[in-house]
Amino acid sequence: MMKYEDLLCEALEIDPPWQIVRLRNDLGKQQLDVWVAREAPRRGWIFGARHEVPSGPERIWRHVNVGQARCLVHAAPTDDLAQAALPWAGGDDQVFSHALTRQIALHFMEGVKFQTICKLLDIPVADLWKFKHSLDNGKITLSGRDTLI
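Conventions used here
Residues numbered from 1 in each chain as written. Predicted model: local features only at pLDDT ≥ 70, side-chain atom pairs only at ≥ 80, totals over all residues. Heavy atoms only, no water. Helix = DSSP H or I, 4+ residues; strand = E, 2+ residues; numbered from the N terminus. Buried < 20%, exposed > 50% of the residue type's maximum accessible area, 1.4 Å probe, protein only. Contact = heavy atoms within 4.5 Å. Areas by Shrake-Rupley, 256 points an atom, 1.4 Å probe, with all protein chains shown as cover. Pairing = 2+ DSSP bridges. Expected span 1.5 Å × (residues − 1). Arc of directions from axis to C-beta. Salt bridge = Lys/Arg side-chain N within 4 Å of Asp/Glu carboxyl O. Phe/Tyr/Trp six-rings, centres within 6.5 Å; stacked < 30°, edge-to-face > 60°.

Chemist: How should the overall build of the chain be read in this particular structure?
Modeler: Each helix and strand counted, the chain has five helices and five strands in total. Within the span of the chain, comprising 149 residues, buried residues form 36% of the whole. Look at the contacts in the chain between residues 6 or more apart in sequence, and 45% of them connect residues 24 or more apart. Of the accessible surface of the chain, which amounts to about 9,400 Å², a share of 54% is contributed by carbon and sulfur atoms.

Chemist: Help me understand the side chain of S134 in this model?
Modeler: Residue position: S134 is located in helix α5 (residues 125–136). Judged by relative accessible area, S134 falls into the buried class, the value being 18%. Ignoring sequence-local partners within four residues, the contact set of S134 consists of K139 and I140.

Chemist: Would you mind going over the pairing of strand β5 (residues 69–75) with me for this structure?
Modeler: Along any regular strand, the residues point their side chains to alternate faces of the sheet. Here β5 lies mainly inside the structure; six of its seven residues are buried. When strand β4 (residues 59–66) meets β5, the two strands line up antiparallel, connected through six bridges. The partner of W61 across the bridge, within β5, is V73. Linking β4 to β5, which pair antiparallel, is a turn of two residues; within it G67 sits at a positive phi near 65 degrees.

Chemist: Would you mind going over α5 with me for this structure?
Modeler: Quick reminder: α-helices carry 3.6 residues per turn. Residues three or four places apart thus point the same way. Taking 1.5 Å as the rise per residue, α5 with 12 residues should run 16 Å; its terminal C-alpha atoms sit 16 Å apart, in good agreement. Within α5, the full set of buried residues consists of L128, F131 and S134. Buried residues of α5 fall within an arc of 130 degrees about the axis and therefore sit on the same side. Across from the buried face of α5, at angles greater than 90 degrees, the exposed residues are W129, K130 and D136. Here the buried face of α5 lies against α3 (98–109) and α4 (114–121). Downstream of α5 by one or two residues, G138 has phi in the positive range, about 75 degrees.

Chemist: Mind showing me how you'd approach the pattern of salt bridges here?
Modeler: Side chains that differ in sign of charge can pair as their charged atoms come close. Enumeration according to the criterion identifies four salt bridges in this entry. The partner of D136 in a salt bridge is K132, with the nearest N and O atoms 2.9 Å apart. Note that D136 and K132 are positioned in helix α5 at a spacing of four residues, about one turn of the helix. According to the relative accessible area criterion, D136 is exposed, its value standing at 51%.

Chemist: Is there a simple way to explain the packing of aromatic side chains in this structure?
Modeler: Aromatic rings in a pair are described by how distant their centres are and how their planes are angled relative to each other. Scanning all chains against the criterion turns up five aromatic pairs. Pairing F96 with F131 gives two aromatic rings, centres 5.6 Å apart and planes at 65 degrees, and the pair type is edge-to-face. Separated by 35 residues along the polypeptide, F96 in the loop between α2 (79–83) and α3 and F131 in helix α5 bring together distant segments of the chain. For the pair shown, F96 and F131 are each scored as buried. Ring geometry for F114 versus W129: centroids 4.2 Å apart, planes at 25 degrees, classification stacked. Taken together, the residues span a long stretch of sequence, with F114 in helix α4 and W129 in helix α5 at a distance of 15 residues. Given the relative accessible area of 18%, F114 is considered buried. A network of ring pairs unites the aromatic residues F96, F108, F114, W129 and F131 as a single cluster.

The structure is reproduced here in structure tokens:
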């Protein structure tokens, strides 16, 4: 039987060695907050895997919705996080995860209007405008796992 955290990891594209280490579901705000960290190697056959203690400032990215709830992913930046286009993380200057960026870009390519994208994905208009402005001015690009074609 699959645990709730395993199912959520699969839905949010969080793959080992990354794991959900904390979860907060605020039903009143319809928001799910997920904290992700790398799993450290086992210390022996008796001791299970442990999570690395996040160091440095925490980053927060808006990820794809889980049902009707907004999903925010929290993680401490690391070198391998910055180098890989992990679906649940986003770029340094982005508020959206790579997976949500793909969804937004697909809507742009299909000619969906701003207000409709905001309503479909439950995104504030200001965040979508900032994203579009950064995309149009080359401050961010769609590459790696963000590429749609």
